[in-house]
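# Topology and contacts: notes
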Amino acid sequence: MGAGGGGFRGWRARRPFWGGVLLTLGGGEILLTEKASMKVVLHVGMQGVAGYLLPTVMVLCGVLTLLSPGQRLFYSLVGALSALGTWLTSNLGGFLVGLLLGLVGACLIFGWMPDQEPRGRWLRRRNKQNKRNRGAERDTAPTWATSAGAARIPAPRAGGSTPPFPPAP
């Protein structure tokens, strides 16, 4: 892997990967829990066809999200509505497992932001900045002007309180 985050990890970072995977898994799970044969499905009519159609739409939305993250809002909304529709058409949404996987995946896709840096790098940078700020606070304690001159008051400690006014001379 290069320094630019190439390879699979770089590809994964540029798209709502886990949301797409969960939406695809949810649709696949619902498809696997369907026990009716195609003869029965066609005999039942539209309700039976929807039992296979909605989870197939969920799988397609999950895969298309991974391949085309620019359309993620559309895919997440269609995926969430399809997952909710499986409650009525596909064994209570694949016995709730596929329904919940699909909804969580659609929510992750909807909430993903393309310009956001990866979480680990963001946390490391934030921790470095906090350490730097704590060191700067120790060096620059506030001074108060009094009639006798400037009085140096130590910086507040963690868990302690700061006196509201400078001490009297």
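Here goes a summary of the coordinates provided. Every chain's residues receive numbers from 1 upward, in the order its sequence appears when written. It should be noted that, the model being predicted, local features are given only for residues of pLDDT at least 70 and side-chain atom pairs only at 80 or more, the latter also being counted only at that level, while totals for whole chains, interfaces and linings use all residues. No hydrogens and no water enter the side-chain calculation; it runs on all heavy atoms of the structure.

### Quick notes on the side chain of Glu-34
- Elements are defined by DSSP. Helices are runs of H or I of four residues or more, strands are runs of E of two residues or more, and each kind is numbered from the N terminus. When you line up the elements, Glu-34 lands in the loop between α2 (17-33) and α3 (38-44).
- Working definition: with a 1.4 Å probe on protein chains only, accessible area under 20% of the residue-type maximum means buried, over 50% means exposed, and in between means partly exposed. Looking at Glu-34, the relative accessible area reads 14%, which means it is buried.
- Nitrogen and oxygen atoms within 3.5 Å of one another constitute a polar contact, given that in protein one can donate a hydrogen and the other can accept it, and given that sequence-neighbouring residues count only through two side-chain atoms. Among the polar contacts listed, one links the side chain of Glu-34 to the side chain of Ser-90, at a separation of 3.0 Å.

### Regarding a nonpolar patch on the surface
- Patches here are clusters of residues that have more than 30% relative accessible area and form no salt bridge, with a 9 Å joining cutoff for like charges and a 5 Å cutoff for nonpolar side chains (Val, Leu, Ile, Met, Phe, Trp, Tyr). Per-residue accessibility takes into account occlusion by the displayed protein chains alone, with areas from the Shrake-Rupley method and a 1.4 Å probe. The term salt bridge refers to a side-chain nitrogen of Lys or Arg lying within 4 Å of a carboxyl oxygen of Asp or Glu. A contiguous nonpolar surface patch, about 520 Å² in accessible area, is contributed by Met-38, Leu-42, Met-46, Val-49 and Leu-53.
- For the nonpolar patch, the secondary structure elements donating two or more residues are α3 and α4 (46-67).
- With respect to the helices and strands, Met-46 occurs in helix α4.
- You can call Met-46 exposed: its relative accessible area is 63%.

### Here we look at the packing of aromatic side chains
- Pairing of aromatic rings covers Phe, Tyr and the six-membered ring of Trp, with a centre-to-centre limit of 6.5 Å; geometry is then stacked below 30 degrees between planes, edge-to-face above 60, and tilted otherwise. Applying the stated rule across the entire model yields 5 aromatic pairs.
- Centre to centre, the rings of Trp-11 and Phe-17 are 6.2 Å apart; their planes meet at 75°, and the pair counts as edge-to-face.
- Here the aromatic rings of Phe-17 and Trp-18 are separated by 5.0 Å at their centres, their planes lie at 80°, and the arrangement is edge-to-face.
- Cluster of aromatic residues (ring-pair linked, three or more members): Phe-8, Trp-11, Phe-17 and Trp-18.
- Placement of a positive charge over a ring is assigned whenever Lys NZ or Arg CZ falls within 6 Å of the ring centre and within 35 degrees of the normal to the ring plane. Residue placement shows Arg-12 over the ring face of Phe-17; its charged tip is 6.0 Å from the ring centre.

### Structural notes on helix α7 (residues 97-111)
- Helix length check: α7 (15 residues) gives 21 Å between terminal C-alpha atoms against 21 Å at 1.5 Å per residue, within 8%.
- Every buried residue of α7 is accounted for by Gly-98, Leu-99, Gly-102, Gly-105, Ala-106 and Ile-109. Projected onto a plane normal to the axis of α7, the buried residues spread over an arc of 140° and lie on a single side. Residues of α7 that are exposed and point over 90 degrees away from its buried face: Cys-107 and Gly-111.
- Those residues of α7 that are buried are in contact with α2, α4, α5 (72-89) and α6 (91-95). Helix span, expected: 1.5 Å multiplied by one less than the number of residues in the helix. The directions from the helix axis to the C-beta atoms are what the arc is built from. Every residue pair with non-hydrogen atoms within 4.5 Å of one another is taken to be in contact.

### So, the nonpolar core
- If you look at the biggest cluster of nonpolar residues, it comprises 8 residues: Leu-23, Ile-30, Met-58, Cys-61, Tyr-75, Ala-83, Leu-99 and Ile-109.
- If you list the elements that add at least two residues to this core, you get α2, α4, α5 and α7.
- When near neighbours in sequence (up to four residues on either side) are disregarded, Leu-23 contacts Met-58, Cys-61, Gly-62, Tyr-75, Gly-79, Leu-101, Gly-102, Gly-105 and Ile-109. Side-chain atoms within 4.5 Å are what join buried Ala, Val, Leu, Ile, Met, Phe, Trp, Tyr and Cys residues into a set we call a nonpolar core.

### Quick notes on the environment of Thr-86
- When you line up the elements, Thr-86 lands in helix α5.
- In sequence terms Thr-86 and Met-58 are 28 residues apart; their C-alpha atoms lie 9.8 Å from each other.
- In contact with Thr-86, not counting residues within four places along its chain, are Ile-30, Leu-54, Pro-55, Met-58, Leu-92, Gly-93 and Leu-99.
- A distance of 2.5 Å separates a polar atom in the side chain of Thr-86 from the backbone oxygen of Ala-83.

### Quick word on the side chain of Ser-90
- By the element assignment, Ser-90 lies in the loop between α5 and α6.
- Among all residues touching Ser-90, those that are not within four sequence positions of it are Ile-30, Glu-34, Ala-50, Gly-51 and Pro-55.

### Notes on unusual backbone geometry
- Positive phi, close to 50°, is recorded for Asn-91, a residue that is not glycine.
- Examined against the element boundaries, Asn-91 turns out to sit in helix α6.
- Phi is positive for Leu-96, close to 70°, though the residue is something other than glycine.
- Position of Leu-96 relative to the elements: it lies in the loop between α6 and α7.
- On the basis of relative accessible area, Leu-96 is assigned to the partly exposed category, the value being 39%.

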